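Below are the chains, spelled out letter by letter.
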Amino acid sequence: AQSVAQPEDQVNVAEGNPLTVKCTYSVSGNPYLFWYVQYPNRGLQFLLKYITGDNLVKGSYGFEAEFNKSQTSFHLKKPSALVSDSALYFCAVRDSASGGYNKLIFGAGTRLAVHP
Amino acid sequence: DTAVSQTPKYLVTQMGNDKSIKCEQNLGHDTMYWYKQDSKKFLKIMFSYNNKELIINETVPNRFSPKSPDKAHLNLHINSLELGDSAVYFCASSQAGGQSYEQYFGPGTRLTVT
């Protein structure tokens, strides 16, 4: 079965320090991977995606993610965290059985807390 | 301009009632989705429509009935509401085919059943 795992319920980091939010996936075929962010009482906002090409993908708000096929991982990173980055982060993978449609399977989410 | 909008933002109702949530997108996408986010923030797809045709129908009670009058609108009607229906419901849209794949989400409708 296709799935996404976010092993950490919460990640705590000090402002200015680098942050990593982990994601591993299981999917048949080539993975299409996504990161979304959800601020309190808001909808999900698209951050970045990996479809093909360079393993390091850059996205919005200074975030980037590294695709690692051998480890089936797609970790989200940022060199210097801001307090305003505090939010809930979701990793998602496109269901390869969804044909031309974009059924996404989401991880359980990781809460990022950046402390001043 | 709001890309994906939902109404209402909050909905408080009693068990047994029937309610509807509306969604509209102005992104020109041809595919729309309904997701349910539970109290633990777990996000699960419920339905998807492509050009008014139902293409994804997950294991959802028959009390939930989506309707898409056109590709820019997707509504969700819920009959005989139950306590367990309390959640945040998100609408999303995307463009089928091409190379985009990402979905764009509305602000959510927080449904509270008492």
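Above this text you will find the structure in question.
Residues numbered from 1 in each chain as written. Chains lettered and ligands numbered in written order. Predicted model: local features only at pLDDT ≥ 70, side-chain atom pairs only at ≥ 80, totals over all residues. Heavy atoms only, no water.

> Hey, could you run me through the overall build of chain A in this one?
The helix and strand tally for chain A stands at zero helices and twelve strands. Beginning at the N terminus, the succession of helices and strands in chain A can be written as β-β-β-β-β-β-β-β-β-β-β-β. In terms of C-alpha radius of gyration, chain A reaches 14 Å, essentially the compact-globule figure of 13 Å for 116 residues. Expressed along its principal axes, the backbone C-alpha trace of chain A runs to roughly 45 × 30 × 25 Å. (Helix = DSSP H or I, 4+ residues; strand = E, 2+ residues; numbered from the N terminus. Rg over C-alpha atoms; globule rule 2.2 N^0.38 Å.)

> Honestly, the interface of chain B and chain A in this entry has me stumped. Any pointers?
For an interface, size is often stated in terms of accessible area lost upon the parts coming together. Contact residues are listed per partner, giving 28 residues for chain B and 22 residues for chain A. Across the chain B to chain A interface the summed buried area is about 2000 Å²; carbon plus sulfur atoms make up 57%. Connecting chain B to chain A are two salt bridges. Among the elements that line the side of chain B that touches chain A, the one with the most residues is strand S4 (residues 31-37) of chain B, at four residues. Each residue belonging to the side of chain B that touches chain A can be placed in one class, and the counts come to 13 nonpolar, ten polar and five charged. (Contact = heavy atoms within 4.5 Å. Buried area = accessible area lost by both parts, 1.4 Å probe. Salt bridge = Lys/Arg side-chain N within 4 Å of Asp/Glu carboxyl O. Nonpolar A, V, L, I, M, F, W, Y, C, P; charged D, E, K, R; others polar.)

> I tried to follow the packing of aromatic side chains on my own but got confused; where do I start?
By convention here, two paired aromatic rings are described through the distance between centres and the angle between planes. Under the defined criterion, the tally for this structure stands at 16 aromatic pairs over all chains. Summarising the aromatic geometry, the rings of Tyr36(A) and Phe106(A) are spaced 5.7 Å apart at their centres and angled 55 degrees between planes, so their arrangement reads as tilted. On the criterion of sequence distance, the pair formed by Tyr36(A) in strand S5 (residues 33-38) and Phe106(A) in strand S11 (residues 104-106) is long-range, its members being 70 residues apart. For the pair Tyr36(A) and Phe106(A), one class covers both residues: buried. These aromatic residues form a ring-pair network of at least three members: Tyr36(A), Phe46(A), Phe90(A), Phe106(A), Tyr33(B), Tyr35(B), Phe90(B), Tyr104(B) and Phe105(B). (Phe/Tyr/Trp six-rings, centres within 6.5 Å; stacked < 30°, edge-to-face > 60°. Buried < 20%, exposed > 50% of the residue type's maximum accessible area, 1.4 Å probe, protein only.)

> Explanation requested: the sheet that holds strand S1 (residues 4-7) of chain B in the structure shown.
Backbone hydrogen bonds are what pair the strands of a sheet, in a parallel or an antiparallel way. All names here are of chain B. Here four strands make up an open sheet; going across it, the order is S1-S3-S8-S7 and the pairing antiparallel. Both edges of this open sheet fall to S1 and strand S7 (64-70), since each of them pairs with a single strand only. For this sheet, the mean inter-axis angle between neighbouring strands, taken without regard to orientation, is 20 degrees. Pairing of S1 with strand S3 (residues 19-25), which is carried by four bridges, proceeds in the antiparallel orientation. Considered in S3, the bridge of Thr7 is made with Lys22. (Pairing = 2+ DSSP bridges. Axes fitted to C-alpha atoms, helices over the stretch in contact; angles between N-to-C directions.)

> Quick question: what am I supposed to make of the state of the cysteines here?
Working definition: the covalent bond between the sulfur atoms of two cysteines is a disulfide. Evaluated as defined, the whole model comprises two disulfides over all chains. Here Cys23(A) is linked by a disulfide to Cys91(A), with a sulfur-sulfur distance of 2.0 Å. Here Cys23(A) and Cys91(A) share a disulfide; its torsion about the S-S bond, -65 degrees, makes the bridge left-handed. Taken as a pair, Cys23(A) in the loop between strand S3 (19-21) and strand S4 (24-26) and Cys91(A) in strand S10 (residues 87-94) lie far apart in primary sequence, 68 residues in all. Residue Cys23(A) shares its accessibility class with Cys91(A), and that shared class is buried. Sulfur-sulfur distance for the disulfide between Cys23(B) and Cys91(B) comes to 1.9 Å. Because the sign of the S-S torsion sets the handedness, a value of about -80 degrees for the bond joining Cys23(B) and Cys91(B) places this disulfide among the left-handed ones. Linking Cys23(B) in strand S3 with Cys91(B) in strand S9 (residues 87-94), this pair joins segments that are 68 residues apart in sequence. (Disulfide = S-S within 2.5 Å.)

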